[in-house]
Amino acid sequence: MFLTHRAAELRPGGRMVILGGAAADDGSSGAEGLMDTANGVFVELVEQGLLDADEHARMMIPTWNRTLGEFLAPLRAEPLERDLSLEEHSLVALPDILLEEYQATRDAEHFGNRVAGFFEAAFGPSLFSALSPGTRSSEEAAEVMTEFRTRLAARAAAEPGAVETHWHLALLRIVRR
């Protein structure tokens, strides 16, 4: 629908650029190590009774990273194939700027805090919305979030390579016929 509406809005010769979080052909996002490490912290919190197993089971990040093929499919079918022309497309893996900073400074504690801060900002609201509001006070929920952040930072600091990310992005340049 997005592309259909843009095709209707664009004048002939008009161009648009689409940049979106993507997955490689095998479905990987480029952040598997970070996600596995974060999940390991959640499992540890469950094992220690700080997080309820049901809360952990409800935690999710509600996204779908399309493969480049999934991005291109609508452009290869009518009516969009008739209205839009794909001028350029690529799948790009971004560098891990936090890891590069760590490699330059060797400040593991700073690196761990930056990784945990990024993770919390990007995914915390979705994940921590699973905490049971009827059984936890806001202070208890804040304690769980703080403990998660502290432990994730410590794990990232202890093993920076384990949380290396190379997020995939799809880049499409499209012109209206």
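Description of the structure in this document. (Residues numbered from 1 in each chain as written. Predicted model: local features only at pLDDT ≥ 70, side-chain atom pairs only at ≥ 80, totals over all residues. Heavy atoms only, no water.)

1. Here we look at the overall build of the protein
Okay, step 1: Of the regular secondary structure elements, the protein holds eight helices and four strands.
Okay, step 2: Counting from the amino terminus, helix and strand elements in the protein follow one another as α-β-α-α-β-α-α-β-α-α-α-β.
Okay, step 3: Dimensions of the protein, computed from C-alpha atoms along their principal axes, come out at roughly 60 × 45 × 25 Å.
Okay, step 4: The buried share of the protein, reckoned over its 177 residues, is 37%.
Okay, step 5: A fraction of 82% describes how many contacts in the protein between residues 6 or more apart in sequence connect residues 24 or more apart.
Okay, step 6: Summing over all exposed atoms, the protein offers an accessible surface of approximately 10100 Å²; the carbon and sulfur share of this is 54%.
Okay, step 7: Side chains of the protein give 16 positive and 28 negative charges; the mean places of these two sets differ by 12 Å. (Helix = DSSP H or I, 4+ residues; strand = E, 2+ residues; numbered from the N terminus. Buried < 20%, exposed > 50% of the residue type's maximum accessible area, 1.4 Å probe, protein only. Contact = heavy atoms within 4.5 Å. Areas by Shrake-Rupley, 256 points an atom, 1.4 Å probe, with all protein chains shown as cover. Lys, Arg positive; Asp, Glu negative; His and termini not counted. Charge placed at Lys NZ, Arg CZ, Asp CG, Glu CD.)

2. Brief notes about the side chain of aspartate 96
Okay, step 1: With respect to the helices and strands, the residue aspartate 96 is situated in the loop between strand E3 (84–93) and helix H6 (97–105).
Okay, step 2: Here aspartate 96 sits buried without a salt bridge, and the closest side chain of opposite charge, arginine 114, lies 8.5 Å off (N-O distance).
Okay, step 3: Within the structure, the side chain of aspartate 96 is placed 2.9 Å from the backbone nitrogen of leucine 99, a separation counted as a polar contact.
Okay, step 4: Those residues in contact with aspartate 96 that lie beyond four places of it in its chain are Val163, Glu164, Thr165 and His166. (Salt bridge = Lys/Arg side-chain N within 4 Å of Asp/Glu carboxyl O. Polar contact = N/O pair within 3.5 Å; in protein donor to acceptor, adjacent residues only side chain to side chain.)

3. Quick word on the environment of proline 95
Okay, step 1: With respect to the helices and strands, the residue proline 95 is situated in the loop between E3 and H6.
Okay, step 2: Judged by its relative accessible area of 48%, proline 95 falls in the partly exposed class.
Okay, step 3: Separated by 71 residues in the primary sequence, proline 95 and histidine 166 place their C-alpha atoms 5.5 Å from one another.
Okay, step 4: Non-local contacts of proline 95, meaning those with residues more than four positions away in its chain, are made with Glu100, Thr165 and His166.

4. Considerations on the pattern of salt bridges
Any two side chains of opposite charge can pair, on the condition that their charged atoms come close.
Okay, step 1: Evaluation of the coordinates by the stated rule reveals 13 salt bridges.
Okay, step 2: Here arginine 136 and glutamate 55 are joined by a salt bridge, their closest N and O atoms 2.8 Å apart. Of this pair, arginine 136 sits in the loop between helix H7 (108–128) and helix H8 (138–158) while glutamate 55 sits in helix H3 (residues 53–58); the two residues are 81 residues apart in sequence, bridging distant segments of the chain.
Okay, step 3: A salt bridge links arginine 82 to aspartate 83; the nearest nitrogen and oxygen atoms lie 3.4 Å apart.
Okay, step 4: On the basis of relative accessibility, which here comes to 16%, the residue aspartate 83 falls in the buried class.
Okay, step 5: Here the salt bridges do not stand alone but share partners, grouping Arg15, Glu87, Glu88 and Arg173 into one network.

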